[in-house]
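Structural overview
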Protein chains: 4
Amino acid sequence: MSMINSIAPELITSDWLNTDTAISLQSLRGKVVFLHSFQMLCPSCVSHGLPQATAVRNAFPQQELVVLGLHTVFEHHRAMGKEALKAFIHEYKLRFPIAIDMPGQFDGIPLSMQKYGMRGTPSILLIDRQGRIRFHHFGHIDDLKLGCILGQLVTETDDAKTPAITNSNRPDKARDCDEHSCSLS
Amino acid sequence: MSMINSIAPELITSDWLNTDTAISLQSLRGKVVFLHSFQMLCPSCVSHGLPQATAVRNAFPQQELVVLGLHTVFEHHRAMGKEALKAFIHEYKLRFPIAIDMPGQFDGIPLSMQKYGMRGTPSILLIDRQGRIRFHHFGHIDDLKLGCILGQLVTETDDAKTPAITNSNRPDKARDCDEHSCSLS
Amino acid sequence: MSMINSIAPELITSDWLNTDTAISLQSLRGKVVFLHSFQMLCPSCVSHGLPQATAVRNAFPQQELVVLGLHTVFEHHRAMGKEALKAFIHEYKLRFPIAIDMPGQFDGIPLSMQKYGMRGTPSILLIDRQGRIRFHHFGHIDDLKLGCILGQLVTETDDAKTPAITNSNRPDKARDCDEHSCSLS
Amino acid sequence: MSMINSIAPELITSDWLNTDTAISLQSLRGKVVFLHSFQMLCPSCVSHGLPQATAVRNAFPQQELVVLGLHTVFEHHRAMGKEALKAFIHEYKLRFPIAIDMPGQFDGIPLSMQKYGMRGTPSILLIDRQGRIRFHHFGHIDDLKLGCILGQLVTETDDAKTPAITNSNRPDKARDCDEHSCSLS
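What counts and how
- Residues numbered from 1 in each chain as written.
- Chains lettered and ligands numbered in written order.
- Predicted model: local features only at pLDDT ≥ 70, side-chain atom pairs only at ≥ 80, totals over all residues.
- Heavy atoms only, no water.
- Least-squares fit on C-alpha atoms with pLDDT ≥ 70 in both.
- Contact = heavy atoms within 4.5 Å.
- Axes fitted to C-alpha atoms, helices over the stretch in contact; angles between N-to-C directions.
- Helix = DSSP H or I, 4+ residues; strand = E, 2+ residues; numbered from the N terminus.
- Parallel < 35°, antiparallel > 145°, perpendicular 65-115°, else oblique.
- Left-handed = near helix turned anticlockwise from the far one by under 90°.
- Buried area = accessible area lost by both parts, 1.4 Å probe.
- Salt bridge = Lys/Arg side-chain N within 4 Å of Asp/Glu carboxyl O.
- Polar contact = N/O pair within 3.5 Å; in protein donor to acceptor, adjacent residues only side chain to side chain.
- Buried < 20%, exposed > 50% of the residue type's maximum accessible area, 1.4 Å probe, protein only.
- Pairing = 2+ DSSP bridges.
- Right-handed = clockwise from strand over helix to strand, strands pointing away.
- pLDDT = per-residue confidence, 0-100.
- Core = buried A, V, L, I, M, F, W, Y, C linked by side-chain atoms within 4.5 Å.
- Nonpolar A, V, L, I, M, F, W, Y, C, P; charged D, E, K, R; others polar.

1. Details of the relation of the copies chain C and chain D
By a simple turn and slide, chain C fits onto chain D: the slide is 0.0 Å along the axis, the RMSD is 0.0 Å, and the turn is 179°. Taken together, the turn and the small shift mark the pair as related by a two-fold rotation axis. The overlap is high: 95% of the interface residues of chain C also sit at the interface in chain D, so the same surface is used on both sides.

See below:
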């Protein structure tokens, strides 16, 4: 069951970095939220996803759009703990707030990742000013298409219409899922 | 005097390629128009501008957005005539309609280029569904920022507000004008 | 019949640009010669071949290695005449000597291209200090492999052994011939 | 005191990955050795150095040239332990043998790194067939120049002459040290 157009549930986190306090999605109503789910040892996240998240953060005024990172570790848990993530954030000079997804009890899949039904990393979730999930993408998406959807979300008024180019990024995503992402199974 | 938000004047052309008939901007009301001004021997147009124009054409449904090329030759006129342009279009597999700007009488600057006050190539002009010039950019612009503005224009209703990221691409443009464009002098 | 290891025949040219006098291969004995065959409207030549030729010219001392361009026009002859080539060289800031291959009498294939049995553009010919053809490649070759062969040719003494990595660039070349070159047929 | 042209001292290692047994430089006499020093959280190593090392491994026959990795951790030691490195190697699909540099006793600089006087990561050391250090580079080096030096080393006979292009890569290195490497201090 797709969560598109439904209100984005709050993240379940064990910790936050690059911010003094935990951030609730509720507190960001009125702004577009770019949520980037990654793992520090996911090659495509490092080469494409995180640089793109930083570019998005730099392209938009903070009062219009907020970029949040979500470290959703579902493999190599011991290699991607909080200390390692801190070192990674330092070396890669990541500036936006990053939440650590709450570890799952049994299967190692963290709780926010399960809640949102993410298929792997990198995953992008776009939440509109009314708090609704408007876009959910697994794998790499090119800047032009991402920019177009962001441009729609920062511009539109209350009515939520389907992004003009949603369909056109499917082949893209399919190819990148094979080559450039870490899949849950 | 900036033409931003004023109605885009019709192009003055000597010929059209990749289309059976001349295309008026008037006939495109209701659609967003991406007008890419280039010269076939402008390195930045070949490496960045034209591939970006093709990507825009492929990213949007034709009924939402139309891509037009405008060959604005202001130097090396003999090397960039109609026959040469035809060969160039064939080799580079350009699919969108391309107008040949009407040669200028005295200074060699073609008439549409003069009319729009373009500073050189590549230049991008974005025209909204109401036929108003909404964005005029000289030099390279990155895909994320361009996509954002296009996303706004395909989404917005009648009210024309300033694109959210217009300012943030200034440094970008400044740098690219030095390195990656052909200036009128 | 492969010409590998045989003495490189002199070019048959109609003109030279970026040099005061015609250049004979004979006059370059003692130096390695990097001969880059291109067409100004060949996309892969513009995007890969010519920038690579410039990088080679900048990487080696002139007394060790000489870069020569050869404009081998076998299609769109009217669009790629001397005047157009001059404008192209000016806009793309090419600094090395460029010969214009002598037009063919019947089939439009220029004479040096025929003499060397080139399959299309871009083509790279490497001639050693003794004037022997040591490498002939059609399509794009990556910098690492090209650099390795050049390093061998500038280093070796009189004995001509097969370049260590010749074989490994076959797949590469095969792929690029499909996607990134202009083939004679 | 430069070690260029002196015999490369053996590495001091705490462990090896991607190999059944420890590898001595002595055992590689007769082959060129490409030694790539990196840290798994060094951005330039991940984006440039390691992909280049893999490209070198794929470009040369194993009996001509051997690629060795050396994990020289001088910062964030807890985040870059053996388990983390194993996960990194798995995710980035590194295939060549990788040694873990022996941790330093006091200042955290590992012993092989000290012994070779490396300035940071990435660092490249090239060892010729006679076991002599012939090239030592800190920061990124472009493929063409690296390929040229490798081509010389696989080709040359016993005499060790200075690589033809050593000087030309200095500006390169200088620039990359600012932007694209992790420096010791």
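Next comes the rest of the account.
2. Some words on the relation of the copies chain B and chain C
When chain B is brought onto chain C, the operation consists of a screw motion whose angular component is 180° and whose axial shift is 0.0 Å, with 0.0 Å RMSD remaining. When the interface residues of chain B are mapped onto chain C, 100% of them again lie at the interface, so the same face is used by both copies.

3. Quick notes on the packing of helix α4 (residues 143-155) of chain A against helix α4 (residues 143-155) of chain B
Helix-helix packing: each pair is described by the crossing angle between the helix axes and the interaxial distance. α4(B) packs onto α4(A) with a crossing angle of 45° between their chain directions and a minimal axis gap of 6 Å. With respect to α4(B), the element α4(A) is oriented oblique. Between α4(A) and α4(B) lies a crossing of right-handed hand. Counting all contacts with α4(A), which are made through D143(A), L144(A), L146(A), G147(A), C148(A), L150(A), G151(A), Q152(A) and T155(A), the residues of α4(B) involved are D143(B), L144(B), L146(B), G147(B), C148(B), L150(B), G151(B), Q152(B) and T155(B).

4. Some points on the interface of chain B and chain C
Facing 17 residues of chain B, the contacting portion of chain C comprises 17 residues. With both chains or domains summed, chain B and chain C bury close to 1,300 Å², and 66% of this area falls on carbon and sulfur atoms. Per-residue buried area on chain B facing chain C is highest for L41(B), E91(B) and Y92(B); these three make up 40% of the total on that side. On inspection of chain B and its partner chain C, the count reaches two salt bridges. Residues E83(B) and R78(C) are paired through a salt bridge, measuring 3.5 Å at the closest nitrogen-oxygen approach. Seen at the junction of chain B and chain C, the total is three residue pairs in polar contact (both at pLDDT 80 or more). Sorting the residues of the side of chain B that touches chain C by element identifies α1 (43-59) and α2 (82-91) of chain B as the ones contributing at least two each. Per-element tally for the side of chain B that touches chain C: the top contributor is α2(B), with six residues.

5. Points about the pairing of strand β3 (residues 65-71) of chain B
Residue and element names in this part refer to chain B. Counted residue by residue, β3 has seven buried out of seven residues, so it is predominantly covered. Of the two faces of β3, the one holding L65, V67, G69 and H71 and the one holding V66, L68 and L70 are both buried throughout. Two strands pair when backbone bridges link them, and strand β2 (residues 32-38) and β3 are joined in this way by seven bridges, in the parallel orientation. The residue bridging H36 from the neighbouring strand is G69, located in β3. In this fold, the crossover linking β2 to β3 by way of α1 has right-handed handedness. Examined bridge by bridge, β3 and strand β4 (residues 98-101) share three bridges and lie parallel to one another. Residue pairing across strands places H71 opposite I100, the latter belonging to β4. This β-α-β element, β3 to α2 to β4, shows right-handed connectivity.

6. Things to note about the confidence of the model for chain A
Parts of the prediction with low pLDDT should not have their coordinates interpreted in detail. Residue and element names in this part refer to chain A. In this model, chain A carries an average pLDDT of 88, and 86% of its residues clear a pLDDT of 70 or more. In the predicted structure, residues 165-179 sits below a pLDDT of 50 and forms 24 contacts with residues beyond four places in sequence or in another chain. For this predicted complex, the interface confidence score (ipTM) comes to 0.86, while the overall pTM stands at 0.88.

7. Some remarks on the nonpolar core
Counting 121 residues, the largest nonpolar core has F34(B), F88(B), F34(C) and F88(C) as its most contacted members. Aside from chain neighbours lying at most four places away, what touches F34(C) is A53(C), V56(C), L65(C), V66(C), V67(C), L68(C), I124(C), L125(C), L126(C), L146(C) and L150(C). Core analysis: the second largest hydrophobic core is formed by 120 residues, V32(A), C42(A), A53(A) and A79(D) among them.

8. Looking at the sheet that holds strand β3 (residues 65-71) of chain A
Strand pairing in a sheet relies on backbone hydrogen bonds. The paired strands run either parallel or antiparallel. Residues and elements named next belong to chain A. Ordered by their spatial adjacency, six strands build an open sheet running β1-β4-β3-β2-β6-β7, and the pairing between neighbours is mixed. Here the strands that pair on one side only, and so sit at the sheet edges, are β1 (13-17) and β7 (133-138). Strand-to-strand twist in this sheet, taken as the mean axis angle between neighbours without regard to direction, amounts to 20°. Sheet strands in contact with helix α2 (residues 82-91) are β1, β2 (32-38), β3 and β4 (98-101), and its direction is about 30° off that of β1.

9. A look at helix α2 (residues 82-91) of chain D
All of the buried residues along α2(D) are A84(D), L85(D), A87(D), F88(D), I89(D) and E91(D). Note on α2(D): the residue one or two positions beyond its end, K93(D), has a positive phi of about 55°.

10. Comments concerning the interface of chain C and chain D
The interface is formed by 21 residues belonging to chain C together with 21 residues belonging to chain D. Regarding the contact of chain C and chain D, the summed buried area is about 1,600 Å², with carbon and sulfur atoms giving 75% of it. Between the two partners, chain C and chain D, sit zero salt bridges. For the pair chain C and chain D, the number of links is two residue pairs in polar contact (both at pLDDT 80 or more). Elements represented by at least two residues in the side of chain C that touches chain D include exactly α1 (43-59) and α4 (143-155) of chain C. The element contributing the most residues to the side of chain C that touches chain D is α4(C), with 11 residues. Each residue belonging to the side of chain C that touches chain D can be placed in one class, and the counts come to 12 nonpolar, five polar and four charged.

11. What to know about the pattern of salt bridges
Evaluation of the coordinates by the stated rule reveals 28 salt bridges over all chains. The residue R129(A) makes a salt bridge to E64(A) at a minimum N-O spacing of 2.5 Å. Here R129(A), found in the loop between β6 (123-127) and β7, pairs with E64(A), found in the loop between α1 (43-59) and β3; they are 65 residues apart in sequence, far enough to count as distant. Given a relative accessible area of 18%, R129(A) falls into the buried group. Residue classification places E64(A) among the partly exposed positions, given a relative accessible area of 21%. With a closest N to O distance of 3.1 Å, D128(C) and R134(C) form a salt bridge. Taken individually, D128(C) and R134(C) each receive the classification buried, so the pair is uniform in this respect. Connected through shared salt-bridge partners, D128(A), R132(A), R134(A) and E156(A) make up one network.

12. Let's talk about the environment of G131(D)
Residue and element names in this part refer to chain D. Structurally, G131 can be placed in the loop between β6 (123-127) and β7 (133-138). Taking the C-alpha atoms as reference, G131 lies 25 Å from P51; in sequence the two are 80 residues apart. Dropping the residues within four chain positions of it, G131 is found in contact with S6, I7, A8 and R29.

13. Points about the sheet that holds strand β2 (residues 32-38) of chain D
Residues and elements named next belong to chain D. Spatially, six strands are ordered β1-β4-β3-β2-β6-β7 in an open sheet, and the strand pairing comes out mixed. With one partner strand each, in any of the chains shown, β1 (13-17) and β7 form the two edges of the open sheet. Recorded for the sheet is a direction-independent mean angle of 20° between the axes of neighbouring strands. Across the sheet, helix α1 (residues 43-59) is in contact with β2, β3 (65-71) and β6; its angle to β2 comes to roughly 160°.

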